[in-house]
Amino acid sequence: MNTKWIAASMASLGLGLISVTGTISAADIVNYQASTNYSSTQGANHWQYEKASGTTYSKLTYQAASNRWDNGGTYPWVSANAQHPGNDADAVRTWIAPANGTITITGAIEKGSADGDGILASIRKDNTTLWSQKVQSTAGVTPTGVSQIAVQKGTAIHFVVNKVGSISFDHTLWNPTIAFTEAADVPDDRSLSIVQFGAVANDGKDDYAAVNAAIAAARTQGKDVYVPAGTFQLSDIVTVNGVTLKGASKEKSILLSTNPERGSIDLTGSNPAIRNLKHEYQSVVPRGNGANDKNSITVKNATHFTVDNIVVNKASTAGIYVSGSAGGTITNNTVQNTNADGIHTTGGSHNVTVEQNIVQNVGDDTIAVVSYGDDLDAAGNPEATYDVRILNNQVSDGKARGISVVGGHDVRIEANTIQRTQLAGIYIATEGSYNTQSVNHVTVNRNTVDSTALFLEKEHTDMLVYAGSAPIDNIIFNDNTSRNASRYAVGVWGSGGMGTVKFNNTTVINAPNNNANKYRFASGLVYWNDEQKFPE
């Protein structure tokens, strides 16, 4: 905000609400009162004095002798604290918003005399009526529904007095005050803050409608949607369709879903993105049928999507779920405390990069690629998930596997650290119980797997290839490290049709029985450092 304007305004108003040496912060409120700010200059202190015919406004003329604005010496007129309509035009006092933000309007309206047939008072935001009521007495009427109204720079708030029948005795006392709070930290002119549309941080009230309104406006204007610092509540699913939803930071900007059954933030369309904020659930329910409505972030039927620098905390199902989407990145996120997978890619999704994420304490696999038998393309043919890169992630404390590929092809798992999972740290498999598709061309390079497969009854290994139903082929492990294996460092078995599996330069540290139990091979064509180990 212009500091010269602040200095001038504060001097004229006699207010000490803010410093004149910097911009107004989100917590600062500036009061604009009609009588205190009254001026003989149009636009001074953001007030204008007008007449209106319908929604056509024109300026009144200042009369020094009477210290009021009127229509060339006759009605309508506007003074410091009163208005009087004319026969052909309404009396209007107008305030122009100096910046994006929210306003709350106070100040009662009363007739100067109990005589006459009354007046019709209204408050309009541009051409939208916020409040309107007939006023007939001197008792005073207080407008309702005019708190926390979102405005943008240049929004006009009109205080209108219209005649009912005759203009006799229509002298009306009205001295409104506008309490203005500037929108917090809008980072650039390419962004619309959710505060502009009525969202209020930390007030414990639902901001769902405001967020949706901001997204709709951003789509129309080709802008981003900005979530400032603070906690904003969401009562239902929010759909981010082809726009960017971004916060001040993942520590400061928090979207809190209050409905555990319907709290997902859905990304869809072309180039949707979510960045730099935290999404968490106030509470969760059991995973149940795994409905996507209960995910934290759901990417569906999207192209060129981005999920970056997000904290996902709690979800009744998955943390970040991707289905039917092409060309996207999931980077620099923290996903924790979910009832299902941390990050799950499925439904024929492809060209997806999952990189430099932290995933911990999740209810199933930490990061999963899955192709189900009923994932079909438009022609009705099986459509696998493919071309997925899982790179440089740190995952731990999953209730099932660490990083898994259960159906799919052309997947690269590289330079990840996997710790403390109940089942295999890295799991390449097909599973009949889930009707998954075949697996082909998976490379697993330079990962460290530490203290995994802790649930001994399942007999998993740190790195496990399992053909439970459909075929598996062309699986290559290069330069991986197993630490503190519970049973074996690596394993290959299953009767579903195992092809070639190779392990090159695998480092095994502290395996059972003094590292004698490095591996267990029971199916397929398996090589250990270029030496065929199964069948022997």
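Residues numbered from 1 in each chain as written. Predicted model: local features only at pLDDT ≥ 70, side-chain atom pairs only at ≥ 80, totals over all residues. Heavy atoms only, no water.

Participant: Describe the layout of surface pockets, and please don't skip the residues or the numbers.
Facilitator: Of the voids in this model, the largest pocket is the one considered here, and its volume is about 440 Å³. Arg287, Asp341, His344, Asp364 and Tyr372 are the residues nearest the centre of the largest pocket, which is lined by 25 residues in total. Put simply, the parts of the chain that give the lining of the largest pocket at least two residues each are strand E32 (367-370) and strand E35 (403-406). Per-class residue counts for the lining of the largest pocket are 10 nonpolar, nine polar and six charged. (1 Å grid on protein atoms, 1.4 Å probe; cavity = no way out; pocket = protein on both sides within 12 Å on 5 of 7 lines; lining within 4 Å. Points joined across faces, edges and corners; volume = space filled by probe spheres on them. Helix = DSSP H or I, 4+ residues; strand = E, 2+ residues; numbered from the N terminus. Nonpolar A, V, L, I, M, F, W, Y, C, P; charged D, E, K, R; others polar.)

Participant: Explain the sheet that holds strand E11 (residues 119-125) to me, and be specific about the residues and the numbers.
Facilitator: Whenever strands of a sheet pair, they do so through backbone hydrogen bonds, lying parallel or antiparallel. A sheet is described by the order of its strands in space; here six strands give the open sequence E3-E2-E8-E14-E11-E12, paired in antiparallel fashion. The outermost strands of the open sheet, each flanked by one partner alone, are strand E3 (56-59) and strand E12 (128-135). Direction aside, the axes of adjacent strands within the sheet are offset by 25 degrees on average. (Pairing = 2+ DSSP bridges. Axes fitted to C-alpha atoms, helices over the stretch in contact; angles between N-to-C directions.)

Participant: Can you lay out the packing of aromatic side chains for me, pointing to particular residues and giving the numbers?
Facilitator: Enumeration over the complete set of coordinates arrives at 12 aromatic pairs. A ring pair is formed by Trp95 and Phe180, whose centres lie 5.9 Å apart and whose planes are at 55 degrees; its orientation type is tilted. Here Phe180 lies in strand E16 (residues 177-182) and Trp95 lies in strand E8 (residues 90-96), a separation of 85 residues in the sequence. Given the relative accessible area of 0%, Trp95 is considered buried. Judged by relative accessible area, which is 1%, Phe180 ranks as buried. (Phe/Tyr/Trp six-rings, centres within 6.5 Å; stacked < 30°, edge-to-face > 60°. Buried < 20%, exposed > 50% of the residue type's maximum accessible area, 1.4 Å probe, protein only.)

Participant: Describe the sheet that holds E16, and please don't skip the residues or the numbers.
Facilitator: On the basis of which strands lie adjacent, the open sheet formed by four strands has the order E1-E16-E9-E13 and antiparallel pairing. The outermost strands of the open sheet, each flanked by one partner alone, are strand E1 (29-33) and strand E13 (149-151). The mean angle between the axes of side-by-side strands here comes to 30 degrees, regardless of whether they run parallel or antiparallel. Relative to E16, strand E9 (residues 101-106) runs antiparallel, the two sharing six bridges. Residue pairing for E16: Ile105 is matched across the bridge by Ile178.

Participant: Go over the confidence of the model for the protein chain with me, naming the residues and quoting the values.
Facilitator: The share of residues in the protein chain with pLDDT of 70 or more is 94%, and the mean pLDDT across the chain is 92. Confidence over residues 1-27 falls short of pLDDT 50; this stretch has 42 contacts with residues more than four positions distant or in other chains. (pLDDT = per-residue confidence, 0-100. Contact = heavy atoms within 4.5 Å.)

Participant: Kindly report on the pattern of salt bridges, identifying the contributing residues and their values.
Facilitator: Between side chains of opposite charge, a pair can form as their charged atoms come close. Here the structure, examined in full by the defined rule, presents 15 salt bridges. The residue Arg275 makes a salt bridge to Asp308 at a minimum N-O spacing of 4.0 Å. Residue Arg275 is located in strand E24 (residues 273-281), and its partner Asp308 is located in strand E25 (residues 297-315); the two are separated by 33 residues in the primary sequence. The network of salt bridges with shared partners includes Asp236, Arg262 and Asp293. (Salt bridge = Lys/Arg side-chain N within 4 Å of Asp/Glu carboxyl O.)

Participant: Can you lay out the pairing of strand E21 (residues 244-247) for me, pointing to particular residues and giving the numbers?
Facilitator: The two faces of E21 match: Thr244 and Lys246 on one face and Leu245 and Gly247 on the other face are all buried. Direction of pairing for strand E18 (residues 224-227) relative to E21: parallel, over a ladder of three bridges. Among the inter-strand pairings, Val227 is bridged to a residue of E21, identified as Gly247. Where E21 lies against E24, three bridges are found, and the strand directions are parallel. Note on E24: the bridge partner recorded for Lys246 is Arg275.

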